[in-house]
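# Residue-level structure breakdown
Here is what each chain is made of, one letter per residue.
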Amino acid sequence: MNNVLPTCENLTRRHVMNNATCLLCWQHPENIEHCLLNCTMAKACWLQSHVGWTETILNMEQWFNKLNHTLNKNEIEEAIMIYWEIWNYRNGVIWNQRTSTVDRILDNAISFINEWRQLRTPYGSHWQDNEENRKWKPPDDLALKCNIDASFDLATGEAGAGMVVRDRHGEFLRGRLTYIRETFSPMMAEALAVKEALIYE
C-alpha cells in the first residue's frame, strides 16, 4: 500500500518536520501502522470494535488481508470507516486540541457508514436487493480489478476516496485511501477518485 498519509514519520522524511515521534502518545515514531492501529486510542478503538486487535500484524497490507479473509462486506466497510474516524480524531487533537472517546469515535464511524449506505440505496420499487445485484464480478484471467468509491462533505467541499485492487480470485492486492481538496459535488468527487485510481502505482 502507498504510504501517503501525512504522518510525523512521512513529514520528517520529506523535511517538513524534524521529529517523527507520535504527537499523541510521545512514545513511538508515528508511521501509518502506529497511527491507525497501535497508538493508545487506535488500539482501544479496535479492541472495542467487532474487528479486534492483533499484535502480530506488522503492516497495513497484512491488516487488510486479515479483514478481507475474516470479515464480511458490511464489516469491512465499517472497519474502513473506523480507520477514517481514528485519523480524524488524531487530526482533531493535534490541530484543534479536540479530544474524544472510544465510544464517540466508534459511534461516529457507524453513523457515517449507515448514512453512506442509505444514500447509496437505489430508489424505485423496481430495484431488487438480491445476491445477483450485489455480486462482485471478477476481471479476466490476466487482468486486475480496481474498485473505487468517494465520500463528499457538502459543508466543506472536501472529499475522500478509497480504492481496492483485487485479482480474479478476489484476493486483495493493494489499497489506498486519499484526501481530495476543493470539490463541489459528489459526482466530481467520484470523477477525481477515478483519476486517482488511474495514476495509482
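That block above? That's the structure.
A few points on the structure. If you're wondering where the values come from, they're calculated on a predicted model, not measured in any experiment.

Our next topic: the sheet that holds strand S3 (residues 172–180). Judged by pairing direction, the sheet is antiparallel, and its 3 strands sit side by side in the order S1-S2-S3 without closing on themselves. Of all the strands in the sheet, the pair left with one neighbour each is strand S1 (145–153) and S3. Each strand axis lies, on average, 10 degrees off the axis of its neighbour in the sheet, ignoring direction. Strand direction decides the pairing type here: strand S2 (residues 158–166) and S3, joined by 8 bridges, are antiparallel. Each residue of the ladder has a partner; that of Ala-159, found in S3, is Ile-180. This element, helix H8 (residues 186–198), spans S1, S2 and S3 of the sheet and lies at about 145 degrees to S1.

On to H8, then. For H8, which comprises 13 residues, the first-to-last C-alpha distance of 19 Å matches the rise-based estimate of 18 Å (1.5 Å per residue) to within 8%. Within the span of H8, buried status applies to Ala-189, Ala-193, Glu-196 and Ala-197. Take H8 and look down its axis: the buried residues cluster within an arc of 100 degrees, on one side only. Of the exposed residues in H8, those oriented more than 90 degrees away from the buried face are Met-187 and Leu-198. Where H8 is buried, its residues contact S1, S2 and S3.

Looking now at the packing of aromatic side chains. Overall, the coordinates contain 4 aromatic pairs when judged by the stated rule. Measuring from ring centre to ring centre gives 5.3 Å for Trp-46 and Trp-63, while their planes differ by 65 degrees; the resulting arrangement is edge-to-face. Pair noted here: Trp-46 is in helix H3 (residues 40–48) and Trp-63 is in helix H4 (residues 60–70), with a separation of 17 residues, a long-range link. This pair shows no difference in class: Trp-46 is buried, exactly as Trp-63 is. Residue classification places Trp-46 among the buried positions, given a relative accessible area of 0%. Lying across the ring of Trp-63, Lys-66 places its NZ or CZ 5.1 Å from the centre.

It is worth spelling out the nonpolar core at this point. With 29 residues, the main nonpolar core has Leu-36, Trp-46, Leu-67, Tyr-83 and Ile-86 as its most contacted residues. Of all the elements in the fold, those that place two or more residues in this core are helix H2 (32–38), H3, H4, helix H5 (73–96) and helix H6 (102–120). Apart from the residues within four sequence positions on either side, Leu-67 is in contact with Val-51, Ile-76, Ala-79 and Tyr-83. Core analysis: the second largest hydrophobic core is formed by 6 residues, Ala-150, Ala-159, Ile-180 and Ala-193 among them.

With that out of the way, let us pick up the pattern of salt bridges. One pass over the full model with this rule turns up 4 salt bridges. Note that Glu-9 and Arg-13 form a salt bridge whose closest N and O atoms lie 3.5 Å from each other. Of the two residues, Glu-9 and Arg-13 are both situated in helix H1 (residues 8–13); the distance of 4 residues between them amounts to about one turn of the helix. For Glu-9, a relative accessible area of 23% puts it in the partly exposed group.

What counts as what
Residues numbered from 1 in each chain as written. Predicted model: local features only at pLDDT ≥ 70, side-chain atom pairs only at ≥ 80, totals over all residues. Heavy atoms only, no water. Pairing = 2+ DSSP bridges. Helix = DSSP H or I, 4+ residues; strand = E, 2+ residues; numbered from the N terminus. Axes fitted to C-alpha atoms, helices over the stretch in contact; angles between N-to-C directions. Contact = heavy atoms within 4.5 Å. Expected span 1.5 Å × (residues − 1). Buried < 20%, exposed > 50% of the residue type's maximum accessible area, 1.4 Å probe, protein only. Arc of directions from axis to C-beta. Phe/Tyr/Trp six-rings, centres within 6.5 Å; stacked < 30°, edge-to-face > 60°. Lys NZ or Arg CZ within 6 Å of the ring centre and 35° of its normal. Core = buried A, V, L, I, M, F, W, Y, C linked by side-chain atoms within 4.5 Å. Salt bridge = Lys/Arg side-chain N within 4 Å of Asp/Glu carboxyl O.

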